[in-house]
Amino acid sequence: MHRILVSTLAAAVLMLPAAPASAAPASGCAVMGDEAGVLGAGLPAVEAAAGRLAAAGAMVRVRAWRSVPGGDLDQFAAHESVRCGWRQSSSLNPRLILVTVAVTDRHTGLYYGANWATALDGQWDRIQQQDMNPHFQAGDFAAGLAGGLDGITQQITDAAAPPGDTAPGGIAPGDTAPGDQYQGQDVPDGLYQDGTPVDSPEAPVFALLPLLILSIGVCVLLGFFGYRFRRRSQARRWALASAEEARRAEATLSAALASLATAEAPVEDAGEGAQVATVRAEAASARRSAEGALRRIRELAGPYAPELLRRASSALAGVAVTRWDDATAQASAATNAVTAATASMTSLSELLAATPQRIAELGRRHSAAATAIARLAADGWKTVDLTAAHERSGGLVARASKRIAAGQRGLALDGATEATRSLDELDAAVTGLPSRRTRILDAVADLRTRVPAAAADAGAARDLVGTLDRNYGEACASDLARPADPLVEPVAQAEAAASMQVQDWDAAERLCAEVAAACEAATGARTAAQARAAELTWIATELPRTLAAAGSATEDARARIGYYAAELPPRLADELAATDRRLASLTTLATGSRPPLLTLHRDLVTHTTDAYALAGRAEQIHGEALAAAESAAEAAREIRRLDSALGWQLFGASASTARQAAETLLARANAAGRFDYATRIDLARRAAATAVAARHQLEAERARHRAATAFSSSSSSSSFSSNSSSSSGSSSSGSSMGGGSTSW
């Protein structure tokens, strides 16, 4: 569709007559100005609205500013009119319409020349309030500007006088207002001098506008009907392709059903059986799905036949595509189900055909198992459980043989499957007995070697724990294990349980596991006792250094607290006294005859950490005290600077109030608790911030006042009117602009 429209517009341009050789000069400043960067994707809509207003004879300018100096949009727009050449001396382009928005300042401006005074006087504020500001409040600046431009266009159109009446701006239809010969064009810089145009183009372009509109309309209609024809043809092709795909799916499904019927023939006389019933149910479900899919395709062949689709409308072809595609998907799913059922049926047929040979092989396996069990019994193995399992397997094989002889192939297949599982378990038990006995006897041999060494480890662990208790106190070794000696008797019992006479395999494995665990415990106890002895030896060696470190940390805390005593709350002195008492207690305990080294070392390390933390807290509170004093001094300086600004500033009512608030905050900060440094810092900083904000406000007001005074004295004839009284007089002089700004 986009390619067709582009082609038709290009053809329309080629159909136009050649434009006059002389073109209008370039205009001053751009038509669109997005200094705020808020239009983005909405810029085309704003440009289109500006084009519609320009077609009504206006020289359109649009500006989106982030903010304006001093927040005065009217004054800033006046500056812009001089800078861009929309105004020369006392003359203002009467066709000018300027629409602006200041995003940060939340101001909207609409300004216009003398030609539009009749149409827009008394209406510009309504256009801002109704067509522009609601969009700006929602954050859609492109929509607000486009809405304002369209609202101006509508107001100008509604206010246009009938033939014979006065045109906008007080000019009769037969007269020529300044700038009328430039309708629909941008006015160049310096075009007006005292209300009189300096130069003009040789020929108007608007004479070609009706022909251009007619050409574009014809080409758009041709493109539209061509697009509709192409879409209808494409929809018909898609519908025919979908119908053909459904026909192919139907043929594939019919072939799959034929294959399923062929695979079912060998299974029809299989009789009952679990496996046969499962496969038959799968085949029946697949056949139902296939029959439903075939029925759906044949139903659609009536209203959506290919010969009908070749003449169908776009809507009917679209419905046909959807329904043919659904039928094709249904047929494909049914084909997959039928194919899977055919494979299952084929596998079942093969199993049924091989069942007699399988039963014969099971009989041979049963005889071989009997021979193996007899050999084990001759070697002295207990085979009672094996013989019972062998008899159960023989019964299953015999039952399967009877069913195959009776023609019950399905039941015979189930019996053969069960007999196979039983014989597999029997073979595993027969072959596993010798290997299990061998594994147990190997474990017994290993334990006979490990038990003496483990007993020695247990004795060494007990001796070492006793030595630790005597040298360092009960608390240093009470958590260590005192293992018992691993006994040799369980090893002999495990060997006896695995003998050819007892053959208690479970008991033999349990006894081996218990002896192995006892050996591991003995070795682990000795290792733990040795590690504890090494740890206590190191602690005893390091005890003097640990005591010295604790004393040094305590002295550091005492020095800092004493140095900053005037700034610190009393609780830090109390904590220092408690630290001294704890250090004295630990020192007395360390010099005893049997010091509990583990507890003592842990407490000394904790004491050192706490002492350094106490010194750090003293340093931190000292920093807060300095910060509080500095904040108060800074607040006092800012209040003095504000007093200095109030001394020469013309504007000061709100600043005086802010100054009183800052002084109150500073007084509250100075009156806070002696050690409440956080509150003092917060209040003092708030006082300084209040004074700084008030001083900046004073300076900004003074700067705006100076700028407004300087501008009004240098170019009072170029100022914009910001109220209805000034805009009402703009049409008479031709030098001022109507309109103004509002807040949103």
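For the structure given in this document, a descriptive report is provided here.

Cut-off values and rules
- Residues numbered from 1 in each chain as written.
- Predicted model: local features only at pLDDT ≥ 70, side-chain atom pairs only at ≥ 80, totals over all residues.
- Heavy atoms only, no water.
- Helix = DSSP H or I, 4+ residues; strand = E, 2+ residues; numbered from the N terminus.
- Buried < 20%, exposed > 50% of the residue type's maximum accessible area, 1.4 Å probe, protein only.
- Contact = heavy atoms within 4.5 Å.
- Areas by Shrake-Rupley, 256 points an atom, 1.4 Å probe, with all protein chains shown as cover.
- Core = buried A, V, L, I, M, F, W, Y, C linked by side-chain atoms within 4.5 Å.
- Salt bridge = Lys/Arg side-chain N within 4 Å of Asp/Glu carboxyl O.
- Axes fitted to C-alpha atoms, helices over the stretch in contact; angles between N-to-C directions.
- Parallel < 35°, antiparallel > 145°, perpendicular 65-115°, else oblique.
- Left-handed = near helix turned anticlockwise from the far one by under 90°.
- Nonpolar A, V, L, I, M, F, W, Y, C, P; charged D, E, K, R; others polar.

**A few points about the overall build of the chain**
Here's step 1: Looking only at helices and strands, one finds 20 helices and nine strands in the chain.
Here's step 2: Relative to its full complement of 744 residues, the chain shows a buried share of 39%.
Here's step 3: The long-range share in the chain, meaning contacts at least 24 apart out of those at least 6 apart in sequence, stands at 77%.
Here's step 4: Element-wise, carbon and sulfur atoms account for 57% of the exposed surface of the chain, whose accessible area totals about 37,700 Å².

**Details of the nonpolar core**
Note that soluble globular proteins tend to have their nonpolar side chains buried in a common cluster.
Here's step 1: L386, L426, V430 and I440 are the most contacted members of the largest nonpolar core, which has 38 residues in total.
Here's step 2: For this core, the secondary structure elements donating two or more residues are α10 (314-378), α11 (384-405), α12 (409-472), α13 (489-497) and α14 (505-563).
Here's step 3: Residue contributions to this core peak at 13 residues, all from α12.
Here's step 4: In this view, I440 contacts A494, A498, W505, A508, E509 and C512; residues no more than four positions away in its chain are not counted.
Here's step 5: Counting residues in each nonpolar core, the second largest holds 37 residues, with A243, A249, A283 and A320 among its members.

**Regarding the pattern of salt bridges**
Here's step 1: Going through the model one piece at a time under the given rule, you end up with 35 salt bridges.
Here's step 2: Note that R63 and E80 form a salt bridge whose closest N and O atoms lie 3.4 Å from each other. Linking R63 in strand β2 (residues 59-65) with E80 in helix α3 (residues 73-83), this pair joins segments that are 17 residues apart in sequence.
Here's step 3: R63 gets classed as buried once you look at its relative accessible area, which sits at 5%.
Here's step 4: With relative accessibility at 6%, the residue E80 sits in the buried group.
Here's step 5: A salt bridge links E542 to R545, with the nearest nitrogen and oxygen atoms 2.6 Å apart. Placement of the pair is E542 and R545 together in helix α14, with a separation of three residues, close to one helical turn.

**What to know about the side chain of S422**
Here's step 1: Inspection of the secondary structure puts S422 in helix α12.
Here's step 2: Residues contacting S422, with those up to four places away along its chain left out, are A389, S393 and L396.

**Overview of the packing of helix α5 (residues 124-137) against helix α6 (residues 141-159)**
Here's step 1: Look at α5 against α6: their axes get within 7 Å of each other, and the N-to-C directions meet at 160 degrees. Looking at the two axes, α5 sits roughly antiparallel to α6. Judged by the sense of rotation from one axis to the other, the crossing of α5 with α6 is right-handed. From α5, R126, I127, D131, M132, H135 and F136 reach across to α6, where they touch F141, A143, G144, L145, G147, G148, G151, I152 and Q155.
Here's step 2: Its residues placed into classes, the contact of α5 with α6 shows seven nonpolar, six polar and two charged.

Coordinates in, geometry out; function isn't part of it.
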